[in-house]
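Chains, contacts and geometry: an overview
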Amino acid sequence: MESWRVFATVLLAVAGLPLVLVVMAKARDRTGSSGQVAITGAVTFTILVVLAVVMLTVLPGVLTWVIVGTVAAALSVMLLAS
């Protein structure tokens, strides 16, 4: 496993975990239902884990870095908008 893959996955986790919390907060604001918030958090976290595993194993370099940049940008926009 190349070191750049590990580095990109760590960056994804650093940006992705707060993103999960922000998405859960947005779901709470919209629905007010704790069940829906839990489902939203579980789905978002599962997508994050699957992305991390795929990034560590098979994705090409350019696509890996595009995903990391997209997640970081999404987190920045969501934090600035709230």
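Note: the structure precedes this text.
For the structure given in this document, a descriptive report is provided here. Everything quoted here is computed from the prediction, not taken from an experiment.

Definitions and limits used
Residues numbered from 1 in each chain as written. Predicted model: local features only at pLDDT ≥ 70, side-chain atom pairs only at ≥ 80, totals over all residues. Heavy atoms only, no water. Patch = residues over 30% accessible without salt bridge, like charges linked within 9 Å, V, L, I, M, F, W, Y side chains within 5 Å. Areas by Shrake-Rupley, 256 points an atom, 1.4 Å probe, with all protein chains shown as cover. Salt bridge = Lys/Arg side-chain N within 4 Å of Asp/Glu carboxyl O. Helix = DSSP H or I, 4+ residues; strand = E, 2+ residues; numbered from the N terminus. Buried < 20%, exposed > 50% of the residue type's maximum accessible area, 1.4 Å probe, protein only. Polar contact = N/O pair within 3.5 Å; in protein donor to acceptor, adjacent residues only side chain to side chain. Contact = heavy atoms within 4.5 Å. Phe/Tyr/Trp six-rings, centres within 6.5 Å; stacked < 30°, edge-to-face > 60°. Core = buried A, V, L, I, M, F, W, Y, C linked by side-chain atoms within 4.5 Å.

The next thing to look at is a nonpolar patch on the surface. Taken together, Met1, Val6, Val10 and Val14 make up a surface patch of nonpolar side chains, about 400 Å² in accessible area. Relative to the helices and strands, Val10 resides in helix 1 (residues 3-31). Judged by its relative accessible area of 44%, Val10 is partly exposed.

Another point: the side chain of Arg5. Considering the arrangement of structural elements, one finds Arg5 in helix 1. Only 2.9 Å separates the side chain of Arg5 from the side chain of Glu2, close enough to count as a polar contact. Leaving out residues up to four positions away in the same chain, Arg5 has contacts with Met55, Leu56, Thr57, Val58, Leu59 and Thr64.

Side chains that differ in charge, positive against negative, can pair when their charged atoms come close. As enumerated under the stated definition, the model contains two salt bridges in all. A salt bridge links Arg5 to Glu2; the shortest N-O distance between them is 2.9 Å. The exposure class of Arg5 is buried, given its relative accessible area of 9%. Using a relative accessible area of 40% as the deciding quantity, one classes Glu2 as partly exposed. Linking Asp29 and Arg28 is a salt bridge whose minimum nitrogen-to-oxygen distance equals 3.9 Å. Judged by relative accessible area, Asp29 falls into the exposed class, the value being 59%.

You can see Thr64 is positioned in helix 3 (residues 61-81). In contact with Thr64, other than residues within four places in its own chain, are Trp4, Arg5, Ala8, Met55 and Leu59.

One pass over the structure, following the stated rule, counts one aromatic pair. Centroid distance Phe7 to Trp65: 6.2 Å. Interplanar angle 50°. Geometry classified as tilted. Note that Phe7 is positioned in helix 1 and Trp65 in helix 3, a separation of 58 residues in sequence.

Side chains of a nonpolar character, in soluble globular proteins, are inclined to be buried together. Residues Leu12, Leu19, Met55, Ile67, Val68, Val71 and Leu75 are the most contacted members of the largest nonpolar core, which totals 15 residues. The set of elements that each furnish at least two residues to this core consists of helix 1, helix 2 (34-57) and helix 3. Ranked by the residues each element gives to this core, the list is headed by helix 1, at seven residues. Excluding its chain neighbours within four sequence positions, the residues that come into contact with Val68 are Ala8, Leu11, Leu12 and Met55.

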